[in-house]
Every structure is written in C-alpha cells, then in structure tokens.
Amino acid sequence: MARKLHYFNVNGLGEPIRYILHYAGQKFEDVQYDVKKWPIPHVKDFLPYGQLPLYEEGGKTLNQSLAIARYIASQVHLLPTDAWEQAEIDAVALNIYDYWSKVVTYIKETDPVKKAAYKKEILEEFINFYFSRFEKELKKNNGFFGKKLTWVDFVLVGIVEATNLFLGIEVQKQFPTVQTLVTKVRSLPGVKEYIAKRTPYQV
Ligand SMILES: N[C@@H](CCC(=O)N[C@@H](CS)C(=O)NCC(=O)O)C(=O)O
C-alpha cells in the first residue's frame, strides 16, 4: 500500500511519525518541504487545515500529528490493546502537547522583548513543571509511559529534539529518565539508521 508523509525538513511534529514508520519498517515516501520557502501556495492550499504533517495512505489523507502517529501505531503494535491503557497513553500525548504549545508561543513571537520573556518562562518554569512529571510517569513503568514501548515514547523524543533545536539547549540532560528514553528510542533499529542518514536540521 502506498504511504506518504508530508512534512517540513525540520525536526518538529512530523519527526516522531518518521521514527515510528522507520522503526516499524514501513515503506513510505518522505515528502519534505523546505521550511525556509514556506508557505508554498500549491502545497498550503492542498492541506485540509493549511498545516503539516499530512499522511496519505491508499488514496486517503489524515492530518493532525497525534492522530497520524496513533493510527500508524495501531497498525504496527505500538498502541496498547487495552482501552484504559490507550486512554492513559493519549493523555500523556496531550500533556506533551500542552508543554509544546508554550514553546510554539515562543517560536511565533516576533517582538524580541516578549520573545526573551517567553524563553525565560519556558526555561525557568514550564520545562521543570512538565518534564519532572514526565520523569515521574516514566519511572513508574520501567522507563516507558506505558507497560512497554508505545507511540507516545516516540512523541516525547520528538518534542525533546524540537525543544533542543528551537531553544538551543539539551533539555534531556536535566532529566535522567527522559535522557534514557531518548537514547533508547534513538538506538532502535530503523530509527538509528534513519538518524545517521538524515540531513542535520537547522532553524
Ligand atoms: N495540531 C497540529 C499542528 C500542526 C502544526 O502546527 N504544523 C506546523 C508545523 S509543526 C505548520 O504546518 N506550520 C506552518 C503553517 O501553519 O503554515 C498537529 O499536531 O498536526
């Protein structure tokens, strides 16, 4: 079945989906758009909500990064089968995205004074608030958010990498269990080879 993932040539919301597809050994076309040339009118107009990522499979399309990651996970045994466990994993994904929304506010801010203030707030408050909770949840489960590796572990690693890219830090260094998860996911078969081959991202 033909699969295509449309996303930017950066490490953002589409990257964990790439990781999951590579880990699961799913063949897909990785369609990358140059973020520096965005918006590309004929692409933007083709997107249902004007945003990436977009996933295509068998002639159908799906937007929203979490819906895409979760759907692919369901096909490749990275989604728990128990409904309660699924809901717990969904909650983790939404908590991670609540954190990410703070960083997005910073990325989008154009006023330099406000931007500096947002950065300070993220570095001094939000990272600690969210990542200390991620640490706690990972510790409960032997280093994963669920009973074993699930799609949301990939989502956290993607958001850690995006944080590092946009804020110029290495956020995982302050949180040892998150750091272990990052190392584990980045070393998975398929993911490791993909990371070694990809062009380093810049913003
Ligand atoms: N909630 C959406 C957010 C998608 C989103 O923010 N995409 C950004 C890139 S990470 C985008 O397309 N930005 C370009 C634009 O809005 O024109 C998701 O999770 O997929």
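Each chain carries its own residue numbering, running from 1 in the direction its sequence is written. With pLDDT at 70 or above as the cut-off, local features in this predicted model cover only qualifying residues; side-chain atom pairs require 80 or more to be listed or tallied, and sums for whole chains, interfaces and linings still use all residues. Calculation of side-chain values draws on the structure's entire complement of heavy atoms; hydrogens and water are dropped beforehand.

Engineer: Describe the packing of helix α6 (residues 151-167) against helix α7 (residues 176-186), listing the residues and the values that go with them.
Structural biologist: Here an angle of 0 to 180 degrees is reported between the N-to-C directions of two axes, which are lines fitted to C-alpha atoms, with helices fitted over the stretch in contact. Strands are runs of DSSP state E lasting at least 2 residues, helices are runs of H or I lasting at least 4, and numbering of each runs from the N terminus. Packing of α6 against α7 leaves a shortest axis separation of 10 Å and a crossing angle of 105°. It follows from the interaxial angle that α6 and α7 lie roughly perpendicular. Of the residues in α7, those in contact with D153, F154, L156, V157, V160 and E161 of α6 are V178, L181, V182, V185 and R186. Of the residues in the contact of α6 with α7, the class split is eight nonpolar, no polar and three charged. Angle categories: roughly parallel below 35 degrees, roughly antiparallel above 145, roughly perpendicular from 65 to 115, and oblique for all the rest. Two residues form a contact once any of their heavy atoms are found within 4.5 Å. Under the scheme applied here, ten amino acids are nonpolar (Ala, Val, Leu, Ile, Met, Phe, Trp, Tyr, Cys and Pro), four are charged (Asp, Glu, Lys and Arg), and all others, including Gly, are polar.

Engineer: Pulling in residues and values, what's your account of the sheet that holds strand β4 (residues 60-63)?
Structural biologist: Where strands meet in a sheet, backbone hydrogen bonds hold them as pairs that are either parallel or antiparallel. In space, the four strands of this open sheet follow the order β2-β1-β3-β4, with mixed pairing throughout. The open sheet has two edge strands with one neighbour each: β2 (29-33) and β4. Sheet twist, expressed as the average angle between the axes of neighbouring strands with direction ignored, equals 20°. Pairing analysis gives four bridges linking strand β1 (residues 3-8) to strand β3 (residues 54-57), with the strands arranged antiparallel. In this scheme, strands are said to pair when DSSP sees at least two bridges between them.

Engineer: Before we move on, can you summarise the domain arrangement of the protein with the specific residues and values?
Structural biologist: Where each domain starts and ends follows an automatic or database-derived domain assignment. Along its sequence, the protein is organised into domain 1 (3-77 + 189-197) and domain 2 (83-186). Using a 1.4 Å probe, buried area is obtained as the accessible area two parts lose upon being combined, added over both of them. Summed over both sides, the interface between domain 1 and domain 2 buries roughly 1,600 Å², with carbon and sulfur atoms accounting for 68% of that surface. Ranking the residues of domain 1 by area buried against domain 2 places N11, L66 and R70 at the top, with a combined share of 37%. Salt bridge criterion: a side-chain nitrogen from Lys or Arg within 4 Å of a carboxyl oxygen from Asp or Glu. Taken together, the links from domain 1 to domain 2 amount to one salt bridge. The residue D90 makes a salt bridge to R70 at a minimum N-O spacing of 2.8 Å. In the analysis that follows, any N or O atom pair within 3.5 Å is treated as a polar contact, provided that within protein one partner can donate a hydrogen and the other can accept it, and provided that, for residues neighboring in sequence, both atoms belong to side chains. Summed over the shared surface of domain 1 and domain 2, the result is five residue pairs in polar contact (both at pLDDT 80 or more). Those elements giving two or more residues to the side of domain 1 that touches domain 2 turn out to be α1 (15-23), α3 (65-75) and α8 (191-197). The leading source of residues in the side of domain 1 that touches domain 2 is α3, at five residues. Among the residues making up the side of domain 1 that touches domain 2, the classes are represented as ten nonpolar, three polar and two charged.

Engineer: Outline the UniProt feature "domain: GST N-terminal" (unreviewed entry) in the protein, supporting the account with residue identities and numerical values.
Structural biologist: When the UniProt feature table is mapped onto this chain numbering, "domain: GST N-terminal" (unreviewed entry) sits at residues 1-80. Secondary structure over residues 1-80 splits into 30% helix and 24% strand, and the C-alpha atoms at its two ends are 24 Å apart. UniProt positions are given in the numbering used here, feature names are shortened, and annotations may be inferred rather than shown by experiment.

Engineer: With reference to specific residues and values, describe α3.
Structural biologist: Those residues of α3 that fall on the buried side of the exposure criterion are S65, L66, I68, A69, I72 and A73. Mapping the buried residues of α3 onto a view down its axis gives an arc of 160°, with all of them on the same face. Buried residues along α3 sit in contact with α1, β3, β4, α4 (83-108) and α6. Trailing α3 by a residue or two, H77 shows a phi angle of about 60°, which is positive. Only protein chains enter the accessibility calculation, which uses a 1.4 Å probe; a residue is then buried when its area is under 20% of its type maximum, exposed when over 50%, and partly exposed in between. By arc we mean the arc of the directions from the helix axis to the C-beta atoms, nothing more.

Engineer: Help me get a handle on the site of the ligand, residues and values and all.
Structural biologist: Taken together, Y7, F8, L13, W38, K44, G50, Q51, L52, P53, Q64, S65 and Y97 make up the full set of residues near the ligand. Note that a nitrogen atom of the ligand is positioned 2.7 Å from one of the backbone N or O atoms of L52. Protein chains bury 71% of the 510 Å² of accessible surface belonging to the ligand in isolation. Residues of the shell around the ligand, tallied by class, amount to seven nonpolar, four polar and one charged. We call a residue near a molecule or strand whenever a single non-hydrogen atom of that residue lies within 4 Å of it. Working definition of accessibility: Shrake-Rupley area with a 1.4 Å probe, residue cover restricted to the visible protein chains.

Engineer: Summarise the pairing of β3; cite the residues concerned and give the values.
Structural biologist: Sheet faces and side chains relate simply in a regular strand, where the side chains alternate between the two faces. Here β3 shows two buried faces, one formed by L54 and E56 and the other by Y55 and E57. Judged from the four bridges that link them, β3 and β4 form a sheet pairing that is antiparallel. In the sheet register, E57 faces β4, and the bridge partner there is K60. Where β3 hands over to β4, the hairpin turn is made up of two residues, of which G58 adopts a positive phi near 50°.

Engineer: So, unusual backbone geometry: which residues are in play, and what are the values?
Structural biologist: Here the amide bond leading from W38 into P39 is cis, since omega sits at 0°, within 30 degrees of zero. For P39, the location among the structural elements is in the loop between β2 and α2 (41-44). Residue L52 is joined to P53 through a cis peptide bond whose omega torsion reads 10°. With respect to the element layout, P53 can be found in the loop between α2 and β3. Even without glycine at this site, H77 takes up a positive phi of about 60°. Among the structural elements, H77 can be located in the loop between α3 and α4.

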